[in-house]
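Each chain is listed here by its residues.
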Amino acid sequence: MLENTKGIIFDLDGTMVDSMWMWRQIDIEFMASRNLEFTEQLQQDIEGMSFRETAEYFVRTYPITESEEDLMKIWIDMAKDKYAHEVPLKPGIENFLQEAKKLGIKMGIATSNARELLDVVAGKYRFYDYMDAFLTANEVTRGKPAPDVYLAVAEKLGLEPKDCLVFEDIPAGIQAGLSAGMRVCAVEDAYSARLMQQKKSLAHYYITSYDEVLDHTYEVLG
């Protein structure tokens, strides 16, 4: 998988850290606080959206009085504590980052999350020691599944898209990487278990742990 790979670009939530459950819980808690019904359709509708696009969706869809800025601040405050105390790393990621750095592969993060929360997670797990670029979907024109954030990170890394490998956990993100002209490895995550076959139908590779990349036991698809 790493042969001829000059750059690796990671999604964050569900890909580097096991946090997708957290966003579902925040949605549940927020909706309950406004006496609104939480539905699985909501999760599907906002999948892959940037933080701001999600706030716009809520303002457009639900009878709430907060502005987009208000909502983002509320969600950030709710998320900070969970990131700090409840969110673990994905299996094998630490060793993988160390090995990729030794190989001289440039690395970056392209996330739909807010910059403030990206900074919290990157600081906690010392991602700054490994990454050459960080970008959020809020900082480009369109969120995933559009390729904008992946193309922008590749540009920051000084690399052609064809030389980059993407790690992603949900179909919208996988599609973003593919649309950017990059190879994509799908990462197993409990949150998207129901979408496993869809993920495998899109991606080039599939892993349950980053250890599988280094010991060559990953699944090659299609």
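This structure is a prediction, so every number in the text was calculated from the model and none was measured.

Visitor: So what about the environment of Asn95? Which residues, and what values?
Guide: Summarising the element assignment, Asn95 is placed in helix H5 (residues 93–102). Relative accessible area serves as the criterion here: at 35%, Asn95 is assigned to the partly exposed category. Note: C-alpha distance between Asn95 and Trp75 (20 residues apart in sequence) is 31 Å. When near neighbours in sequence (up to four residues on either side) are disregarded, Asn95 contacts Asp211 and Leu214.

Visitor: How would you explain the pattern of salt bridges if you had to name every residue and give the values?
Guide: All told, the structure shown has 17 salt bridges when counted by the stated rule. Arg24 is the partner of Glu40 in a salt bridge, and the nearest nitrogen-oxygen pair spans 2.8 Å. Here the residue Glu40 occupies a position in helix H2 (residues 40–46), and Arg24 occupies one in helix H1 (residues 20–33), the gap between them amounting to 16 residues. Measuring nitrogen to oxygen at the nearest pair gives 3.1 Å for the salt bridge that ties Glu219 to Lys200. With Glu219 in strand S7 (residues 219–220) and Lys200 in helix H9 (residues 196–202), the pair connects residues that are 19 residues apart, well separated along the chain. By relative accessible area, Glu219 is classed as partly exposed at 35%.

Visitor: Describe the pairing of strand S4 (residues 164–168), with residues and values.
Guide: Burial of S4 is extensive: 5 of the 5 residues sit out of reach of the surface. As judged from the 4 bridges shared by strand S1 (residues 7–10) and S4, these two strands associate in the parallel manner. Looking across to S4, one finds that Phe10 is bridged to Phe167. Here S4 pairs with strand S5 (residues 183–187) via 4 bridges, running parallel. Within S5, the position partnered with Glu168 by the bridge is Ala186. Chirality of the crossover, the property in question, places the unit of S4, helix H8 (residues 171–179) and S5 among those that are right-handed.

Visitor: Outline the sheet that holds strand S3 (residues 133–136), supporting the account with residue identities and numerical values.
Guide: With mixed pairing, 7 strands are arranged side by side in an open sheet as S3-S2-S1-S4-S5-S6-S7. One side of each edge strand has no neighbouring strand; the edge strands of this open sheet are S3 and S7. Of the pairings in the sheet, the one linking strand S2 (residues 106–111) to S3 comprises 4 bridges and is parallel in character. Across the sheet, Gly108 pairs through a bridge with Ala133, a residue of S3. Where helix H6 (residues 115–124) meets the sheet, its contacts fall on S2 and S3, and the angle it forms with S3 comes to roughly 145°. Along the sheet, helix H7 (residues 148–157) contacts S1, S2, S3 and S4; its crossing angle with S3, the most-contacted strand, is approximately 160°.

Visitor: Before we move on, can you summarise the packing of aromatic side chains with the specific residues and values?
Guide: As enumerated under the stated definition, the model contains 18 aromatic pairs in all. Between Phe10 and Phe167 the ring centres are 5.5 Å apart and the planes differ by 15°, which places this aromatic pair in the stacked class. A residue pair is termed long-range when its members are at least 10 positions apart, and Phe10 in strand S1 and Phe167 in strand S4 qualify at 157 residues. Accessibility expressed as a relative area gives 0% for Phe167, which makes it buried. Pairing Tyr128 with Phe134 gives two aromatic rings, centres 4.9 Å apart and planes at 50°, and the pair type is tilted. Here the guanidinium or amino end of Arg194 rests over the ring plane of Tyr191, the centre of that ring lying 5.8 Å away. Geometry around Tyr206 places Lys200 over its ring, the cationic atom sitting 4.8 Å from the centre.

About the thresholds
Residues numbered from 1 in each chain as written. Predicted model: local features only at pLDDT ≥ 70, side-chain atom pairs only at ≥ 80, totals over all residues. Heavy atoms only, no water. Helix = DSSP H or I, 4+ residues; strand = E, 2+ residues; numbered from the N terminus. Buried < 20%, exposed > 50% of the residue type's maximum accessible area, 1.4 Å probe, protein only. Contact = heavy atoms within 4.5 Å. Salt bridge = Lys/Arg side-chain N within 4 Å of Asp/Glu carboxyl O. Pairing = 2+ DSSP bridges. Right-handed = clockwise from strand over helix to strand, strands pointing away. Axes fitted to C-alpha atoms, helices over the stretch in contact; angles between N-to-C directions. Phe/Tyr/Trp six-rings, centres within 6.5 Å; stacked < 30°, edge-to-face > 60°. Lys NZ or Arg CZ within 6 Å of the ring centre and 35° of its normal.

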